[in-house]
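For reference, the chains in residue letters:
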2 protein chains.
Amino acid sequence: MSIRNPKQALYEQFATVAKALGNPQRLELIEHLGQGPRSVDLLAMKLGLPIANVSQHLQSMRRAGLVSAERDGKFVNYRLADESVLAAFASIRTVAERHLAEVDRIVRGYFDARDDMEPVAREDLVQRMRDGLVTVLDVRPPDEFARGHVPGAINVPLGDLESRLQEIDPALEVVAYCRGPWCVMSFEAVAALRARGISARRLEDGLPEWKAAGMPVEITA
Amino acid sequence: MSIRNPKQALYEQFATVAKALGNPQRLELIEHLGQGPRSVDLLAMKLGLPIANVSQHLQSMRRAGLVSAERDGKFVNYRLADESVLAAFASIRTVAERHLAEVDRIVRGYFDARDDMEPVAREDLVQRMRDGLVTVLDVRPPDEFARGHVPGAINVPLGDLESRLQEIDPALEVVAYCRGPWCVMSFEAVAALRARGISARRLEDGLPEWKAAGMPVEITA
DNA sequence: ACATCATTCAACGTAATTATTGAATGACAA
DNA sequence: TTGTCATTCAATAATTACGTTGAATGATGT
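Every value quoted in this text rests on a predicted model; they were computed, and no experiment measured them.

(A) Geometry of the overall build of chain A. Summing up its helical and strand segments, chain A has ten helices and seven strands in all. For chain A, the spread of C-alpha atoms along the three principal axes comes to 65 × 40 × 40 Å. Out of the 221 residues in chain A, the part that is buried amounts to 49%. In chain A, of all internal contacts separated by at least 6 residues, the share reaching a separation of at least 24 is 62%. Accessible surface for chain A amounts to roughly 10,200 Å². Of this, 51% is attributable to carbon and sulfur atoms. The distance from the centre of the 28 positive side-chain charges to the centre of the 31 negative ones in chain A is 7 Å.

(B) A look at the protein's contact with DNA strand D. Neighbouring DNA strand D are 22 residues, the closest being Asp41, Ser55, Gln59 and Tyr78 of chain A together with His57 of chain B. If you look at DNA strand D and keep only atoms within 4 Å of the protein, 83% of those are sugar or phosphate atoms. A distance of 2.6 Å separates a phosphate oxygen of DNA strand D from a polar atom in the backbone of Asp41 of chain A. At 3.5 Å from a sugar or linking oxygen of DNA strand D is found a side-chain nitrogen or oxygen belonging to Lys74 of chain A. At the level of secondary structure, the elements contributing two or more residues to the surface near DNA strand D comprise helix 3 (40-47), helix 4 (51-63) and strand 3 (75-80) of chain A together with helix 2 (24-33) and helix 4 (51-63) of chain B.

(C) A look at helix 5 (residues 83-99) of chain B. In this model helix 5 of chain B runs 25 Å from its N-terminal to its C-terminal C-alpha over 17 residues, within 8% of the 24 Å that 1.5 Å per residue would give. If you check which residues of helix 5 of chain B are buried, you get Ser84, Val85, Ala88, Phe89, Ser91, Ile92, Arg93, Val95 and Ala96 of chain B.

(D) Molecular detail of the protein's contact with DNA strand C. Close to DNA strand C lie 23 residues, the nearest being His57 of chain A together with Asp41, Ser55, Gln59 and Tyr78 of chain B. When atoms of DNA strand C within 4 Å of the protein are split into backbone and base, the sugar-phosphate part holds 87%. The side chain of Arg26 of chain A places a nitrogen or oxygen atom 3.1 Å from a phosphate oxygen of DNA strand C. Looking at the surface near DNA strand C, the elements that each hand over two or more residues are helix 2 (24-33) and helix 4 of chain A together with helix 3 (40-47), helix 4 and strand 3 (75-80) of chain B. Tallied by class, residues from the surface near DNA strand C come to eight nonpolar, ten polar and five charged.

Basis of the calculations
Residues numbered from 1 in each chain as written. Chains lettered and ligands numbered in written order. Predicted model: local features only at pLDDT ≥ 70, side-chain atom pairs only at ≥ 80, totals over all residues. Heavy atoms only, no water. Helix = DSSP H or I, 4+ residues; strand = E, 2+ residues; numbered from the N terminus. Buried < 20%, exposed > 50% of the residue type's maximum accessible area, 1.4 Å probe, protein only. Contact = heavy atoms within 4.5 Å. Areas by Shrake-Rupley, 256 points an atom, 1.4 Å probe, with all protein chains shown as cover. Lys, Arg positive; Asp, Glu negative; His and termini not counted. Charge placed at Lys NZ, Arg CZ, Asp CG, Glu CD. Near = heavy atom within 4 Å. Polar contact = N/O pair within 3.5 Å; in protein donor to acceptor, adjacent residues only side chain to side chain. Expected span 1.5 Å × (residues − 1). Nonpolar A, V, L, I, M, F, W, Y, C, P; charged D, E, K, R; others polar.

Here it is in structure tokens:
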């Protein structure tokens, strides 16, 4: 565009990407697209937003290099540009979890709303797995699951949970986890399972902490 | 604050962080703060911006949890909240590098032949230093050099390069670095050296990344 | 007390972002 | 062709972000 100094120009490009991530609706879109390609109106339904609105958000994300679009009949399927977009989201979430007191406050409010959401400690989980008392549920997208997960866990991404309920033994308690202590997906999973009468709790934190604590990690070849 | 659903509220918090990263000036501030704590007016001088402007940017970054401030006499020193902020910056940069053609265009504007500007990996540099094959050149200003640099590096700020060419052994290859992977100064240094027939390449990234990778750092007393 | 210096605040105008609406486009099927 | 459906475009109004200015605050030293 301009013949400005390239340093500034590069920072502007980086800022473009960050700006595209700087909107709650777009982040929610990314989380959905993290599960796979989706059409505009399906996303609009999931978010409960007007289609035109979602379309505009997706287009601004495409301009920023976050997603790509491909026409399929009368649908347009958007998908994440690659896994680096999820990585960027994850790193932003990490900053927020560590440094925004508000995040902590919101999560605590969530706890209170759901009376018995006592998380399961790592050691407890190991014991209960050994005793065959629990189903361990990894609700992250498959690519993240493939790169490392709690041994014996089954992978049902949050978006697929409803359609794959039959894979879960209703006689056992479910322990769900995802990316981190305040990762929303595991909250949602627990809420969804309880709504269907399945006993469920969250692991006290996510896979990064599990790994950091020196616990075993299984990798899908 | 609001009695909205907590999922939305969390996304808003994450968006707050991304939004704070979504401005070229603030990204440049982060790159400077990646080297260590800095006062407001020092940063203002480095960026060539009004102090009030920089102060406001820093405050918005503090509200987003990216930096913290600490008073020291009549100065206020800002520092990055922790290394996760640099990680977030890096991941955004990765997305931009991979998916924004404009980034590629800007970088090519600096170097005609991309194959020539293959950067040197950290491990390679260590090996080549051990073998006495390279001169490591830190092209940042002296104050930044003094607060930490690659052991054995010589400090020749970009502006002094022409007048201090005799300090560089033309028999060895030069590896230049500065503040980060896209810090322009090292690009310019490499171009200047090559124009004078000295073999030169860039280190793959800058000092903050070097430090973050657990590599040794030398500090001038 | 007073002056000085670094930083922040407050107020302003301009520009960019956002959601909303209704019309336009493009693909498909009858 | 015509109608239908998914998506995009264009225009709008409301909100928020940005940089600039000059005054206010807070710490230091005389």
